[in-house]
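This is what each chain is made of:
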Amino acid sequence: MKTRMTELFGIKYPIMLAGMNWLTTPKLVAAVSNAGALGVLAGAQYNPDSLRKAIQEIRKLTNKPFGVNLTLGIASGPLANVVIEEKVPVVNYSLGRPPEIQPFIQGVHSYGGKVIGTIALVRHAQRSEQLGADSLIITGYEAASHSGNVGALVLVPQVVEAVKVPCIGAGGYADGKGLAAALALGAEGISMGTRLAATKEAEVSDAIKETWVKSTEEDTVIDPTFDGINCRVLRNKKAEEMLKKKSFPLFDAWSAGMMMKKELKIDYGQLFKTANSLRKSRGGGLKGMASAMRFSVGGRLFRTATVGGDPVNGILMMGQTVGRIHDIPTVQEVIDRTVAEAKQILSKMNRQIAD
Ligand SMILES: Cc1cc2nc3c(=O)[nH]c(=O)nc-3n(C[C@H](O)[C@H](O)[C@H](O)COP(=O)(O)O)c2cc1C
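Below you will find a few notes about this structure. (Residues numbered from 1 in each chain as written. Predicted model: local features only at pLDDT ≥ 70, side-chain atom pairs only at ≥ 80, totals over all residues. Heavy atoms only, no water.)

### Considering the overall build of the protein chain
What counts is decided by this rule: Secondary structure elements follow DSSP: runs of H or I of four or more residues count as helices, runs of E of two or more count as strands, with numbering from the N terminus. Buried means the residue's accessible area, taken with a 1.4 Å probe over protein chains only, is under 20% of the maximum for its type, while exposed means over 50%, and partly exposed covers the values in between. The contact criterion used throughout is that any non-hydrogen atoms of two residues lie within 4.5 Å. Here, Shrake-Rupley sampling with a 1.4 Å probe gives the accessible areas, and only protein chains in the shown set may cover a residue.
From N to C terminus, the protein chain includes 15 helices and 11 strands. The proportion of buried residues among the 355 residues of the protein chain is 58%. At a minimum sequence separation of 6, the contacts of the protein chain that also span at least 24 residues come to 66%. Total accessible area computed for the protein chain in this model is approximately 14,600 Å², and 54% of it derives from carbon and sulfur atoms.

Okay, here's the thing in structure tokens:
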């Protein structure tokens, strides 16, 4: 399959792995690249040394193009430097303000790297394009974790008509029907998160994998309670408890904030700024201190689910797309059947026109 996405990144299929903190390990990233799509490592969880090691590990596992996703605003300066020094072929940023986005894009372009900006609003798509992004990921309402309020059916064509760069749909894509639909809406490919995480190569507990298989499209909830920004997660007991309480988690916020500060090597000011810029970039959520406090608490609970492998006591970011996930295949199987099904649909549509 050839689209502007495959040509831009030098990949076989118009599919990428969505950067997902704690889930997109070097092994999963390399498996996706080796399968002909674009593997992407989420960088926000790393410090500069461990990020460099993870990039080097990916290079040992694949000689195909791959990418790194950076949440600009979370200790992003030192991490951005590592990505540029390592000449990562594709860099995907989410969040960030223009004074930080622009030099980052220039840095990546200086060695010939390509930049994808992640957006959930039309005006942010136009801004990313003006700042020099080569491509955009359009995050629809269906997506796991943070999205805006508009579903893919409206958002993708809105953005595609507002910009010239190739666009990639994210949120809700799990199969060939999704890929064909994204192409029909004007996108040049798809970004798959939860679907590519629910694979044999993913280094996450069996309990989490079972949760993805068992859950239906009605088992997620989107609310700012979890981390201060509208965030889509599994509606489990812990999520219900948090939704019911809604009170200010003062002690939790303080201790989780200490952990985030230490892990990300940032101060409270940066934590506050990050939480607020995330909220603004997604167009919804709590404000001020409430946002920063929830951001810390959420960060810790997300780790309990993904790193701790606990889908009961942790908060698991998860997309509506789980309704379309019924098995745990290999990455290669997911990619192959997605492409085969999309091709079948596209040629059927072609025949329908001809008849
Ligand atoms: C556990 C988890 C962690 C995520 N971490 C990030 C991240 O670090 N940076 C980012 O831009 N998006 C992150 N996302 C969002 C994904 O990149 C993507 O938008 C989403 O998974 C797409 O929806 P889908 O899972 O339904 O395919 C995360 C998603 C999940 C499930």
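### Examining the sheet that holds strand S7 (residues 145-146)
Formally: DSSP-based pairing: two strands are paired if at least 2 bridges between them are found.
A sheet is described by the order of its strands in space; here three strands give the open sequence S7-S11-S10, paired in antiparallel fashion. The open sheet has two edge strands, S7 and strand S10 (220-223), and neither has a second partner. Pairing analysis gives two bridges linking S7 to strand S11 (residues 231-234), with the strands arranged antiparallel. Bridge assignment links Ser145 to a residue of S11, and that residue is Arg232.

### Quick look at helix H2 (residues 26-34)
Because an α-helix packs 3.6 residues into every turn, residues spaced three or four apart end up facing the same way. Among the nine residues of H2, seven are classified as buried, and the element is accordingly described as predominantly covered. Within H2 the residues assigned to the buried category are Pro26, Leu28, Val29, Ala30, Ala31, Val32 and Ser33. The inward-facing, buried residues of H2 contact strand S1 (15-17), strand S2 (39-42), helix H3 (48-61), strand S3 (66-72), helix H9 (194-197) and helix H15 (331-354). Of the residues flanking the end of H2, it is Gly36, one or two places downstream, whose phi is positive at about 100 degrees.

### Details of the pairing of S10
Of the two faces of S10, the one lined by Thr220 and Ile222 and the one lined by Val221 and Asp223 are each fully buried. Bridge count for S10 against S11 is four bridges, and the pairing is antiparallel. Of the residues in S11, the one forming a bridge with Val221 is Val233.

### Here's the deal with the layout of surface pockets
Note the cut-off: Using only the protein atoms, space was sampled on a 1 Å grid; points where a 1.4 Å probe fits but cannot get out form cavities, open sets with protein on both sides within 12 Å along at least five of seven lines form pockets, and lining residues are those with an atom within 4 Å of a point. Grid points are joined across faces, edges and corners, and a volume is the space filled by probe spheres set on the points. For this classification, the nonpolar set comprises Ala, Val, Leu, Ile, Met, Phe, Trp, Tyr, Cys and Pro, the charged set comprises Asp, Glu, Lys and Arg, and every other residue, Gly included, is treated as polar.
Considering only enclosed or pocket space, the largest pocket measures out at about 280 Å³ in volume. Surrounding the largest pocket, 14 residues form its lining, Glu142, Ala152, Gly171, Gly172 and Tyr173 being those nearest its centre. Elements supplying a minimum of two residues to the lining of the largest pocket: helix H7 (152-162) and helix H8 (176-184). Residue composition of the lining of the largest pocket, grouped by class: five nonpolar, six polar and three charged.

### Here we look at the environment of Ile208
Along the chain, Ile208 turns up in helix H10 (residues 206-214). The exposure class assigned to Ile208 is buried, which follows from its relative accessible area of 0%. Separated by 103 residues in sequence, Ile208 and Pro311 place their C-alpha atoms 5.9 Å apart. Ignoring any residue separated from it by four or fewer positions in sequence, one finds Ile208 in contact with Ala305, Gly309, Asp310, Pro311 and Leu316.

### Re the side chain of Asn69
Applicable threshold: Counted as a polar contact is a pair of N or O atoms within 3.5 Å, where, for protein atoms, one must be capable of donating a hydrogen and the other of accepting one, and residues adjacent in sequence contribute only when both atoms are in side chains.
Within the secondary structure, Asn69 sits in strand S3. Among the polar contacts made by the side chain of Asn69, one reaches the side chain of Asn92 at a distance of 2.8 Å. Leave out the neighbours within four places in its chain, and Asn69 touches Gly19, Val40, Leu41, Ala42, Gly43, Ala44, Asn92 and Ser94.

### Examining the site of the ligand
We apply this condition: The criterion for a residue being near a molecule or strand is simple. One of its heavy atoms has to lie within 4 Å of it. To be counted as sitting in a cavity or pocket, a molecule needs more than half of its atoms within 2 Å of that site's grid points.
The immediate surroundings of the ligand are formed by 19 residues, with Gly19, Asn21, Gly193, Thr194 and Thr321 found nearest. Within the contact set of the ligand, an oxygen atom lies 3.4 Å away from a backbone nitrogen or oxygen of Gly172. Residue Thr194 places a side-chain N or O atom 2.5 Å away from an oxygen atom belonging to the ligand. Starting from 620 Å² of accessible surface for the ligand in isolation, the protein chains cover 92%. With respect to the pocket detection grid, the ligand is positioned in the largest cavity.

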